[in-house]
Amino acid sequence: MLTKEQIAQRIAKELKDGMYVNLGIGIPTLVANYIPEGMTITLQSENGLLGMGPFPFEGDEDPDLINAGKQTITTIPGSVFFDSAMSFGMIRAGKVDLTVLGAMEVADNGDIANWKIPGKMVKGMGGAMDLVASAKNIIVAMQHTSRDGASKLLKECTLPITGLQCVTKVVSNLGVFDIEAEGFVLRERAPGISVSEIVEATEGRLVVPDQVPEMQF
Amino acid sequence: MQKVYANADEAIADIHDGATLMLGGFGLCGIPENGIAALVRSGVKDLTCISNNAGVDDFGIGLMLQTKQVKKMISSYVGENAEFERQLLSGELEVELIPQGTLATRCMAAGYGMPAVFTPAGVGTEVAEGKEIRTFNGKDYLMEMAFDADFALVKAWKGDTHGNLIFKATARNFNPLMAMAGKVTIAEVEELVPAGSLDPDQIHTPGIYVHRIFEGTNYEKRIEQRTVKPRI
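The structure displayed is predicted, hence computed values, not measured ones. (Residues numbered from 1 in each chain as written. Chains lettered and ligands numbered in written order. Predicted model: local features only at pLDDT ≥ 70, side-chain atom pairs only at ≥ 80, totals over all residues. Heavy atoms only, no water.)

## Details of the sheet that holds strand β6 (residues 133-136) of chain B
One key point about sheets: their strands pair by backbone hydrogen bonds, in either a parallel or an antiparallel sense.
All names here are of chain B.
Moving on, step 1. Ordered by their spatial adjacency, three strands build an open sheet running β5-β7-β6, and the pairing between neighbours is antiparallel. Looking along the sheet, the strands with just one partner apiece sit at the ends: β5 (116-119) and β6. For this sheet, the mean angle separating the axes of adjacent strands, direction not counted, is 40 degrees.
Moving on, step 2. Bridge count for β6 against strand β7 (residues 139-145) is four bridges, and the pairing is antiparallel. Each residue of the ladder has a partner; that of Phe 136, found in β7, is Lys 139. (Pairing = 2+ DSSP bridges. Helix = DSSP H or I, 4+ residues; strand = E, 2+ residues; numbered from the N terminus. Axes fitted to C-alpha atoms, helices over the stretch in contact; angles between N-to-C directions.)

## Some words on the packing of helix α3 (residues 84-92) of chain A against helix α5 (residues 100-111) of chain B
Moving on, step 1. Across the interface, α3(A) lies against α5(B) with an axial gap of 8 Å and an inter-helix angle of 120 degrees. Accordingly, the angle class assigned to the pair α3(A) and α5(B) is oblique. Here α3(A) and α5(B) pass one another in a crossing that is left-handed. On α5(B), the residues touching A:Ser84, A:Ala85, A:Phe88 and A:Arg92 of α3(A) are B:Gln100, B:Gly101, B:Ala104, B:Thr105 and B:Met108.
Moving on, step 2. Here the contact of α3(A) with α5(B) is built from residues that sort into four nonpolar, four polar and one charged. (Parallel < 35°, antiparallel > 145°, perpendicular 65-115°, else oblique. Left-handed = near helix turned anticlockwise from the far one by under 90°. Contact = heavy atoms within 4.5 Å. Nonpolar A, V, L, I, M, F, W, Y, C, P; charged D, E, K, R; others polar.)

## A word on the pattern of salt bridges
Moving on, step 1. As enumerated under the stated definition, the model contains 28 salt bridges over all chains in all.
Moving on, step 2. Two residues, A:Arg205 and A:Asp108, come together in a salt bridge whose shortest N-O distance is 3.2 Å. Linking A:Arg205 in the loop between α5 (195-201) and β13 (206-207) with A:Asp108 in the loop between β6 (105-107) and β7 (112-113), this pair joins segments that are 97 residues apart in sequence.
Moving on, step 3. Overall, A:Asp108 belongs to the buried group, its relative accessible area being 5%.
Moving on, step 4. Between B:Glu144 and B:Lys131 there is a salt bridge, with its nearest N and O atoms 3.1 Å apart. In this pair, B:Glu144 is assigned in strand β7 and B:Lys131 in the loop between β5 and β6, connecting sequence segments 13 residues apart.
Moving on, step 5. Residue B:Glu144 is classed as buried on the basis of its relative accessible area, which comes to 2%. (Salt bridge = Lys/Arg side-chain N within 4 Å of Asp/Glu carboxyl O. Buried < 20%, exposed > 50% of the residue type's maximum accessible area, 1.4 Å probe, protein only.)

## Section: the packing of aromatic side chains
Residues and elements named next belong to chain B.
Moving on, step 1. A complete count under the given rule lists three aromatic pairs over all chains for this structure.
Moving on, step 2. Between the aromatic rings of Phe 118 and Phe 136, the centroid separation amounts to 5.2 Å while the plane-to-plane angle is 70 degrees, which identifies the pairing as edge-to-face. Taken together, the residues span a long stretch of sequence, with Phe 118 in strand β5 and Phe 136 in strand β6 at a distance of 18 residues.
Moving on, step 3. Judged by relative accessible area, Phe 118 falls into the partly exposed class, the value being 32%. (Phe/Tyr/Trp six-rings, centres within 6.5 Å; stacked < 30°, edge-to-face > 60°.)

On their own, these measurements won't tell you what the molecule is for.
Dropping the structure here:
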């Protein structure tokens, strides 16, 4: 079973030189720690920045410079600031190459639910609905099952929807799945996890190809 | 043309009960600190506030929630404060949650003189309820209306006596959009300079959108999530 760090590490293998990438809060943020050496990846923060850098050194934090998670950050050379309309304009226009975000549930047609649990305090969707409605390439980082073992890769989402038919790939703690017309297509298994364990943990339509290699790190 | 006000209290003096306000900022970054403090002092109430967030318990819009001056919040992400949650659950406070890009674009539409915009954000979700859907090139879009706000309170880094504004780093966020969208726009700046001292090529918001400007004082610029790495 993959740790959160390993999920991020596996997603980082999807990065290609020159990509503009938006990383959501949580596991997606960790992807930035695994950008391959020598590759130029520009991170977009939807509060108005392209070229997000790491956290500042203690004492260098600037209250005017934060990311979409409201954390103090830095910029890298070549960075640029802009307003929120332009930020979502570039998202809506499909200029951002890859979006990585977390989810509570994903359906086998690519629907995603990640913003609201009925009966609990609703904090809001933030930029998630805008991102999933427009991005061409959306990878979801998530736990495969809930704490009580219920599958989160479903036939249909049960929680309020964030976006329809938008997720292209899921990296869970059990494996890597492409979302295609037939459903979740199992591409890789987490080290030590069998195909039957994944079948057991997946409620949505699952396609198991003849060969399902174990993930390599 | 006299746009310069002595302080926040004078600049916001005519904001009336029941007014609709836009307040710039993302989290606590780039919020109109002086304007919010003056609103609390004024005691004006039943406000509808359009702002991406609702502050924290003891700062930002959270201060206006403590004094129960806010009737309705229109935001994309809230709930960083306990008083907000209490008022929401007790029904004292009405909240309309909308996607962040939709919030920004509805401000932009107002500032550009467009009655509505089309966005795919929220199609197939509860955000779409009651909204007109139009299909362009096989994809569905929601029609979202331009905001209609009586006042916009924004915060800039520098401004001049004509109301031209320059923002700093990610404190820009919604500020220039709301500046363009308010029927009356009140800008507070860290440094107010005479017209002519800013480079026209570097100005983010033309002063035509700004009706009142004042130099703020005692900026606290509170950090919500202080994330740092240790010096080696």
